[in-house]
Amino acid sequence: MTQRVAFLVFDGVTLLDVSGPGEVFHQAGRLGARYELRLVSPGGGDVTTSSGLVLGGATAVADAGPFDTVVVAGADRLATHPLEDDLLAAARTLAGRAARVASVCSGAFVLAALGLLDGRRATTHWRHAATLARRHPRVHVEPDALHLRDGRYVTSAGISAGIDLALGLVEDDHGADLAREVARELVVFMQRPGGQSQFSTAVATPAPRGDVLRPVLDAVSADPAGDHGLPAMAASAAVSTRHLTRLFRTELNTTPARWVERVRLDHAQRLLLEGHDVTSAARLCGLGSDETLRRAFARHLGTTPSEYRRRFGTTHGGPDGQARPPVTGVRTQRTRS
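Per-chain numbering applies: the sequence of each chain, read as written, is numbered from 1 onward. Whole-chain, interface and lining totals are the exception, using all residues; otherwise, since this is a predicted model, local features are given only for residues with pLDDT of at least 70 and side-chain atom pairs are given and counted only at 80 or more. Note: side-chain values were computed over all heavy atoms of the structure, leaving out hydrogens and water.

**Here's the deal with the environment of leucine 83**
No. 1: Working definition: helices are DSSP H or I runs of at least four residues, strands are E runs of at least two. Numbering for both runs from the N terminus. Here leucine 83 shows up in the loop between helix 2 (77-80) and helix 3 (85-97).
No. 2: Spatially, the C-alpha atom of leucine 83 lies 8.6 Å from that of phenylalanine 109, the residues being 26 residues apart in sequence.
No. 3: Here, residues are in contact when the closest pair of their heavy atoms is within 4.5 Å. Ignoring anything within four residues of it in the chain, the contact list for leucine 83 reads Leu78, Leu88, Phe109, Val110 and Ala113.

Shown next as structure tokens:
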């Protein structure tokens, strides 16, 4: 039975949000699955992507009919500008007729604006996760997830995570064996190790509302390896440890120790990418030992320092400069979200 898949597109859409999942469904079709892919836009016709390339021949939503799956593609402006009424109306119409509704990257903002994600778990690009949570407090945003399913709604992180999402949909429809064959054909993981927080950079700290925390935060950021235990930070701020802890809770929604650890972890990430080994990075960032650094990486990033350095240090080989062997397979296990 052929399954109809609609990609909701619009001017400024991110091309890979459409082409990445689309290629997954196309490759599944070559392996025996039956998918009919269709571009749908509010008014039909050509759509200019954010890169300037044009997607031609989109069907107007009024002429599109029902689909089994609807994929709402993303664009940066969906997270930063008001959403157009015609885009929201198109998404509402398509979603109302579909058995399964998905979003890639900031496409989650469209579904959230329609109230479709209220009370549900959802994710989006790590850069926009805090904005989604603030703008739509009834959505349970999980910023580290690559993709999530909650009922008939499936959301994914940024851009290439749409490929992960589409592989999950193919697995749901036709089983893990076929999805694995598609992943091999595309030379991608069935399930990428770790979450999307390993791709983010720098601690995103909101500006403190008062004047007490600002010099404390600046001092830690300037010298992550310094003495930043609770007594030392409280003394530098001329407040009690109890009051400093309360300020971190009310203004930053965290504890002093957790915030310092995150700053040190970010510094360690930069040190590793600059060529330091694990021992040196642990010492210079203030976490002290290899084991403490490994635990912080596992807790926050879902990977190890060595693996992070290998995967993000260069496109040409491992951190030792040696060329990596050619890819001969992919991971063969996948955990459903």
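**Some remarks on the packing of helix 11 (residues 256-273) against helix 13 (residues 290-301)**
A pair of packed helices can be characterised by two numbers: the angle between their axes and the separation between those axes.
No. 1: Axis definition: a line fitted to C-alpha atoms, limited for helices to the stretch in contact. Angles are taken between N-to-C directions and run from 0 to 180 degrees. The contact between helix 11 and helix 13 brings their axes to 11 Å, and the two run at 105°. Relative to helix 13, the element helix 11 lies roughly perpendicular. Residue-level contacts link Glu261, Arg262, Leu265, Ala268, Gln269 and Leu272 of helix 11 to Leu293, Ala296, Phe297, Arg299, His300 and Leu301 of helix 13.
No. 2: For this classification, Asp, Glu, Lys and Arg are treated as charged, while Ala, Val, Leu, Ile, Met, Phe, Trp, Tyr, Cys and Pro are nonpolar and the rest, including Gly, are polar. Classifying every residue of the contact of helix 11 with helix 13 by side-chain character gives seven nonpolar, two polar and three charged. Should an angle lie under 35 degrees it is considered roughly parallel, over 145 roughly antiparallel, and from 65 to 115 roughly perpendicular; all remaining angles are considered oblique.

**Topic: the pairing of strand 4 (residues 54-60)**
No. 1: Across two bridges, the pairing between strand 2 (residues 35-41) and strand 4 is parallel. Counterpart to valine 40 in the pairing with strand 4 is threonine 59.
No. 2: Strands were regarded as paired on the criterion that DSSP finds at least two bridges between them. Alignment of strand 3 (residues 45-48) against strand 4, held across three bridges, turns out to be antiparallel. When the sheet's bridge partners are listed, threonine 48 is paired in strand 4 with valine 54.
No. 3: Where strand 3 folds back on strand 4, the antiparallel hairpin that results is connected by five residues, among which glycine 52 adopts a positive phi of roughly 95°.

**Here's the deal with the packing of aromatic side chains**
No. 1: Only rings of Phe, Tyr and Trp enter the pairing, Trp through its six-membered ring, and a pair is recorded when the two centres are within 6.5 Å. The plane angle decides the type: under 30 degrees is stacked, over 60 is edge-to-face, the rest tilted. All told, the structure shown has four aromatic pairs when counted by the stated rule.
No. 2: Residues phenylalanine 7 and phenylalanine 25 carry aromatic rings whose centres are separated by 6.4 Å and whose planes lie at 65° to one another, so their mutual orientation is edge-to-face. With phenylalanine 7 in strand 1 (residues 3-8) and phenylalanine 25 in helix 1 (residues 15-30), this pair connects stretches of sequence that are 18 residues apart.
No. 3: The buried category is assigned to phenylalanine 25, whose relative accessible area is 1%.
No. 4: Aromatic pair phenylalanine 25 and tyrosine 35: ring centres 4.8 Å apart, planes at 55°, arrangement tilted. Remark: tyrosine 35 occurs in strand 2 and phenylalanine 25 occurs in helix 1; sequence separation between them is ten residues. For the pair shown, phenylalanine 25 and tyrosine 35 are each scored as buried.
No. 5: A network of ring pairs unites the aromatic residues Phe7, Phe25 and Tyr35 as a single cluster.
No. 6: Charge-over-ring contacts are defined here by two conditions on Lys NZ or Arg CZ: a distance within 6 Å of the ring centre and an angle within 35 degrees of the ring normal. Directly above the aromatic system of phenylalanine 67 lies the positively charged group of arginine 4, at a separation of 4.2 Å from the ring centroid. Burial here depends on accessible area, computed with a 1.4 Å probe over protein chains only, as a share of the maximum for the residue type. Under 20% is buried, over 50% is exposed, and the range in between is partly exposed.

**Thoughts on the sheet that holds strand 2**
Strands in a sheet are paired, the pairing made by backbone hydrogen bonds, and the direction either parallel or antiparallel.
No. 1: Strand order in the open sheet formed by eight strands is 3-4-2-1-5-6-10-9, and the pairing between neighbours is mixed. Every interior strand has two partners, whereas the edge strands, strand 3 and strand 9 (147-150), have only one. On average, adjacent strands in this sheet sit at an angle of 30° to one another, irrespective of strand direction.
No. 2: Pairing of strand 5 (residues 69-72) with strand 6 (residues 100-103) involves four bridges; the strand directions are parallel. Looking at the pairing, valine 72 lines up with serine 103 of strand 6.
No. 3: Of the strands in this sheet, strand 1, strand 2 and strand 4 touch helix 1, which is tilted by about 160° from strand 2.
No. 4: Of the strands in this sheet, strand 1, strand 2, strand 5, strand 6, strand 9 and strand 10 (153-156) touch helix 6 (residues 161-174), which is tilted by about 150° from strand 10.

**Things to note about the pattern of salt bridges**
No. 1: In the sections that follow, a salt bridge refers to a side-chain nitrogen of Lys or Arg positioned within 4 Å of a carboxyl oxygen of Asp or Glu. In this structure the tally under the stated criterion is 16 salt bridges.
No. 2: For arginine 4, the salt bridge identified is with glutamate 36, shortest N-O distance 3.5 Å. Of the two residues, arginine 4 sits in strand 1 while glutamate 36 sits in strand 2, which places them 32 residues apart along the sequence.
No. 3: The salt bridge partner of glutamate 36 is arginine 38, with a shortest N-O separation of 3.0 Å.
No. 4: Here arginine 38 falls in the partly exposed class, since its relative accessible area comes to 27%.
No. 5: Ionic contacts of the salt-bridge type, sharing partners, join the residues Arg4, Glu36 and Arg38 into one network.

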